[in-house]
Amino acid sequence: MAFLGEHLCSLDNKGRLKLPVGLKSQLAPENNGRFVLNRGFEKCLTLYPWDEWQRISAKVNKLNTFVKKNRDFARFFFRGATELVLDSTDRLNLPKHLMDLAGIKNEALLTARANIIEIWEPKAYEAVVNEDSDQYSDLAGEVMGDINFDE
């Protein structure tokens, strides 16, 4: 499964965000509305469907903890991870400490990326995308240049 779409969402005064129908319809039913919310890269939050969190965290847990960089990475990766469950009106209650980390207050932009959903403060997302847009062509060549799409 790979999510698609960008969705601008309002948050209520308790930090609850209604999951857009377009994203909810893409969820695997066996997750029963369960997620893990965690710190992401570039000052966003990452929302993992439960099955995806289980898959990724199992890989992190297999790292050799006798190697310092592996311990450091695992410590950072799991720091702040919080289980969330959709309520009866399809809302997720975002923890305040994670909202503060990402600068999210009244609105959030949900962006689909492969099997996860990134949650951004809208202006921060625009700044990151605009900063990188001039370099997109070069980046695409570096990252995707050796891939044969005809296979």
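### Some words on the overall build of the protein
Piece 1. Per the secondary structure count, the protein includes six helices and eight strands.
Piece 2. N-terminal to C-terminal, the α/β element order of the protein is β-β-α-β-β-α-α-β-β-α-β-β-α-α.
Piece 3. C-alpha atoms of the protein, sized along the principal axes, occupy 45 × 40 × 30 Å.
Piece 4. For the protein, the residues scored as buried account for 36% of the 151 residues in total.
Piece 5. Restricting the contact set of the protein to residue pairs at least 6 apart, pairs at least 24 apart contribute 60%.
Piece 6. As presented, the protein carries roughly 9,700 Å² of accessible surface, and 53% of it is formed by carbon and sulfur atoms.

### A closer look at the nonpolar core
Piece 1. With 23 residues, the main nonpolar core has Leu94, Leu110 and Ile119 as its most contacted residues.
Piece 2. Counting residues per element, the ones that place at least two in this core are strand S3 (34-39), strand S4 (45-49), helix H4 (96-102), strand S7 (107-113) and strand S8 (116-120).
Piece 3. The biggest single contributor to this core is H4, with three residues.

### Description of the packing of aromatic side chains
The relative placement of two aromatic rings is captured by the distance of their centres and the angle of their planes.
Piece 1. What the rule picks out here adds up to seven aromatic pairs.
Piece 2. Ring geometry for Tyr48 against Phe77: centres 6.3 Å apart, planes inclined by 70°, an arrangement best described as edge-to-face. You can see Tyr48 sitting in strand S4 and its partner Phe77 sitting in helix H3 (residues 68-78), a full 29 residues away along the chain. Here the two residues Tyr48 and Phe77 agree in accessibility, since each one is buried.
Piece 3. Overall, Phe77 belongs to the buried group, its relative accessible area being 11%.

### Side note on the layout of surface pockets
Piece 1. Of the voids in this model, the largest pocket is the one considered here, and its volume is about 360 Å³.
Piece 2. Looking at the largest pocket, it is lined by 13 residues, and the ones nearest its centre are Arg113, Glu118, Trp120, Tyr125 and Val129.
Piece 3. Of all the secondary structure elements, the ones that give two or more residues to the lining of the largest pocket are S7, S8 and helix H5 (122-133).
Piece 4. Here the lining of the largest pocket takes four residues from H5, the largest share from any one element.
Piece 5. Among the residues making up the lining of the largest pocket, the classes are represented as six nonpolar, two polar and five charged.
Piece 6. By volume, the second largest pocket amounts to about 260 Å³.
Piece 7. In terms of lining residues, the second largest pocket is bounded by 15 residues, among which Phe41, Thr46, Tyr48, Phe77 and Arg113 are the most central.
Piece 8. Where the lining of the second largest pocket is concerned, the elements lending two or more residues are S3, S4, helix H2 (50-61) and H3.
Piece 9. When residues in the lining of the second largest pocket are grouped by element, the largest group, three residues, is from H3.
Piece 10. Each residue belonging to the lining of the second largest pocket can be placed in one class, and the counts come to eight nonpolar, four polar and three charged.

### Description of the packing of H2 against H3
Piece 1. Following both chains from N to C, one finds H2 and H3 inclined at 155°, their axes separated by 10 Å at the closest point. Taken together, H2 and H3 sit at an angle that is classed as roughly antiparallel. The element H2 and its partner H3 pack so that their crossing is left-handed. Of the residues in H3, those touching H2 at Trp53, Ile56, Ser57, Val60 and Asn61 are Phe73, Ala74, Phe77 and Phe78.

Rules used in this analysis
- Residues numbered from 1 in each chain as written.
- Predicted model: local features only at pLDDT ≥ 70, side-chain atom pairs only at ≥ 80, totals over all residues.
- Heavy atoms only, no water.
- Helix = DSSP H or I, 4+ residues; strand = E, 2+ residues; numbered from the N terminus.
- Buried < 20%, exposed > 50% of the residue type's maximum accessible area, 1.4 Å probe, protein only.
- Contact = heavy atoms within 4.5 Å.
- Areas by Shrake-Rupley, 256 points an atom, 1.4 Å probe, with all protein chains shown as cover.
- Core = buried A, V, L, I, M, F, W, Y, C linked by side-chain atoms within 4.5 Å.
- Phe/Tyr/Trp six-rings, centres within 6.5 Å; stacked < 30°, edge-to-face > 60°.
- 1 Å grid on protein atoms, 1.4 Å probe; cavity = no way out; pocket = protein on both sides within 12 Å on 5 of 7 lines; lining within 4 Å.
- Points joined across faces, edges and corners; volume = space filled by probe spheres on them.
- Nonpolar A, V, L, I, M, F, W, Y, C, P; charged D, E, K, R; others polar.
- Axes fitted to C-alpha atoms, helices over the stretch in contact; angles between N-to-C directions.
- Parallel < 35°, antiparallel > 145°, perpendicular 65-115°, else oblique.
- Left-handed = near helix turned anticlockwise from the far one by under 90°.

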